[in-house]
Amino acid sequence: MSVTSLQESVGGAPTTNTRLLDWVEEVAALTQPDKIYWVDGSAEEYARLTDEMVAAGTLVRLNPEKFPNSFAGNSDPKDVARVEEQTFICSKNEHDAGFTNNWMEPTLMKEKLHGLFAGSMRGRTMYVIPFVMGHLEADDPKFGVEITDSAYVVASMRIMARIGTPVLRKLEELDAFFVPALHTVGAPLRDGEPDVAWPCNEEKWIVHFPEERAIWSYGSGYGGNALLGKKCYALRIASAMARDEGWLAEHMLILKLTSPEQKTYYVTAAFPSACGKTNLALLDPTIEGWKVETLGDDITWLRFGADGQLRAVNPEDGLFGVAPGTGWGTNPNAMRAIAKGNSIFTNVALTDDGGVWWEGMTEETPEHLTDWRGESWTPDSGRTAAHPNSRFCTPIDQVDMLAAEYNEPNGVPISAILFGGRRKTTIPLVTESRDWTNGIFMGSTLSSETTAAASGQVGVVRRDPMAMLPFIGYDAGDYLKHWVTLSKTGNPDKLPKIFLVNWFRRKADGSFAWPGFGDNARVLKWAIERIEGTAEAVETPIGFVPAPGSIDLRGLDLTEADMAQAVSVVPQEWAAEVQSIEKWYARFGDSLPDELAQELAGLKSRLG
Ligand code: PEP
Ligand code: NA
Ligand code: MN
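Residues numbered from 1 in each chain as written. Chains lettered and ligands numbered in written order. Predicted model: local features only at pLDDT ≥ 70, side-chain atom pairs only at ≥ 80, totals over all residues.

- Per an unreviewed UniProt entry, the protein chain is named Phosphoenolpyruvate carboxykinase [GTP], and its organism is Arthrobacter terrae.
- In UniProt, the protein chain has this text filed under Subunit (unreviewed entry): "Monomer." (UniProt positions renumbered as here; feature names shortened; annotations may be inferred.)

A short note on the overall build of the protein chain
Thought 1: Helix and strand counts for the protein chain come out as 16 helices and 31 strands.
Thought 2: For 608 residues, the compact-globule formula gives about 25 Å, and the C-alpha radius of gyration of the protein chain, at 24 Å, lands near that figure.
Thought 3: For the protein chain, the spread of C-alpha atoms along the three principal axes comes to 75 × 55 × 40 Å.
Thought 4: Per-residue burial for the protein chain yields a buried fraction of 52% across its 608 residues.
Thought 5: When contacts within the protein chain are restricted to residue pairs at least 6 apart in sequence, those whose partners lie at least 24 apart make up 73%. (Helix = DSSP H or I, 4+ residues; strand = E, 2+ residues; numbered from the N terminus. Rg over C-alpha atoms; globule rule 2.2 N^0.38 Å. Buried ≥ 20, exposed ≤ 12 C-beta atoms within 10 Å, placed from the backbone. Contact = placed C-beta atoms within 7 Å.)

Considering the environment of phenylalanine 512
Thought 1: Tracing the backbone shows phenylalanine 512 in the loop between strand E29 (497–501) and helix H13 (520–532).
Thought 2: The partly exposed category is assigned to phenylalanine 512, around which 13 C-beta atoms lie within 10 Å.
Thought 3: Setting aside its immediate chain neighbours within four residues, phenylalanine 512 contacts Phe504 and Arg506.

A word on the sheet that holds strand E22 (residues 376–377)
Thought 1: As summarised here, the arrangement of the four strands in space is E20-E19-E21-E22, forming an open sheet in which the pairing is antiparallel. The sheet terminates laterally at strand E20 (356–357) and E22, the two strands that pair on one side only.
Thought 2: Pairing between strand E19 (residues 349–351) and strand E21 (residues 369–370): two bridges, direction antiparallel. Paired with threonine 351 across the two strands is leucine 369, which belongs to E21. (Pairing = 2+ DSSP bridges.)

Describing the nonpolar core
Thought 1: One finds Tyr233, Val348 and Ala349 to be the most contacted residues of the largest nonpolar core, which totals 176 residues.
Thought 2: Two domains share this core, each providing at least three of its residues, namely domain 1 (3–57 + 82–246) and domain 2 (249–318 + 404–607).
Thought 3: The contacts of tyrosine 233, once residues within four sequence positions are left out, are Met133, Gly144, Val179, Ala181, Ile215, Leu228 and Ala238. (Core = buried A, V, L, I, M, F, W, Y, C linked by C-beta atoms within 7 Å. Domains from an automatic or database assignment.)

Considering the sheet that holds strand E23 (residues 391–395)
Thought 1: One open sheet holds the five strands; their spatial order is E2-E3-E18-E23-E17, and the pairing between them is mixed. Of all strands in the sheet, those bounded by a partner on one side alone are strand E2 (60–61) and strand E17 (318–322).
Thought 2: In this structure, strand E18 (residues 344–346) lies alongside E23, joined through three bridges in antiparallel fashion. Across the sheet, isoleucine 344 pairs through a bridge with cysteine 393, a residue of E23.
Thought 3: Where helix H5 (residues 151–160) meets the sheet, it contacts strand E3 (71–73), E17, E18 and E23, and its direction lies at approximately 55° from that of E23. (Axes fitted to C-alpha atoms, helices over the stretch in contact; angles between N-to-C directions.)

Right, dumping it as structure tokens:
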């Protein structure tokens, strides 16, 4: 691109914000795109971009009678998940990144990135996407601008966040700070070189500069690596902002529960990726009289209000859900939202009549599909049709059970926080913490067997504090300290109750001890009844578990003996667990808050 045409396009920019213009100009000079395009976020623009992607073979248009205005695309098989080993927190001091993050000195990293980004957008269009995480009308709206050379990212960001002209106008009006979030697929095109359907680079770098509040992402077009408002901003950068500004950015869903007495409660819940957050967020309760509505399925920003009450907002505006396991039986609310259309599917299988399919979507498996690699597939193929980390990306306002309070700019008051993981043994179905600090201890020692949501081995137990292991944007010990000290600013009488849950415990025969899905409403009901003081519990060394008969099992094919097993605290299992927690805590060194070291000591003495 010549200097004149560069100045023309920047000059033709729909903004007078000089910091933004300077940054766009600087990035264009570095990455050398063919064109600069300012994203307005309109439906016409979305139609144009998706048409272009269909023409380029990146997406196929689904049968509009089945999935109106919806598209499916397959990524490069080497670009199917977040790349945690290539994700960096580049704080000035290594200590500030902590042991849970990869670190490189910021100037060295910048040098490296400048080398990679130089000319990286040649032959491509550079899109400029103004976005806001959370509500535009929030007291302190959190702006970002993503620059990307991927139309797939633009279309997906439009579903996942509030983007475009209204955001840019507000940013200008407030003369607000914005997080510069720079993304390239790292696949420049030589003159006349034909493009591939999913450009990316073997080499990937997902880099955060928490002090500068900047993001640089190189080489991947996939989800959390590329839609920079999501994990990179709303969790990693936001967690650092939250530490400095006195709030919390967490990997949590938000749901609203209404009891038969018409009392309402808001609950947040943290689970690692692919452990059923979306299913719990969109739960269809199996117990009569209880109603669940949703406010979010992945990310929650929490703040203590002036009254000392903890309030939660969902900074996103869409669902980026794991497709396999989402079905008419397990999550009809998600299926109904998806069926309304306006969605982008990635790495799912295609049906012969222009629809999509993935494992667990329907009870019956279609006889023939085109799998996520674009190959012909039958049930005898000996491989899954959809990639285990395939996704649906759907506007959240298509969820029928979206709570009206979703649009409340400053959020809803929280009554309970759940921490959960995927564990075959040891962790009971539900345990109420002894008190708030004990609840933080539960969160800090949360553990789960790994899933396909990140590249690497599946099924290994790893500690995942608050389900934030891959997302804490600073030192993990300082993060736990922030939880402990921040909560002291809350009103002690209004602190939510904290519970540890595990839907995935197995019986001796290997089958699940608890049916899960809609029946998890029974656990939510017990938690609410604990808050109201109406459900019985048994004190154990690890906390309070449901007393026999206290969980509503009506209509469920589960005996009290099964139930007793699901909530059992087995001493040998806990002896091993404590050793594992000790090893985990040792990794924090001096950074571990004293309050949590004391919690561990208390647990050990109670276990005897
Ligand atoms: C992702 O993997 O890209 C993602 C957005 O989320 P998660 O891993 O939490 O499902
Ligand atoms: Na949007
Ligand atoms: Mn997530």
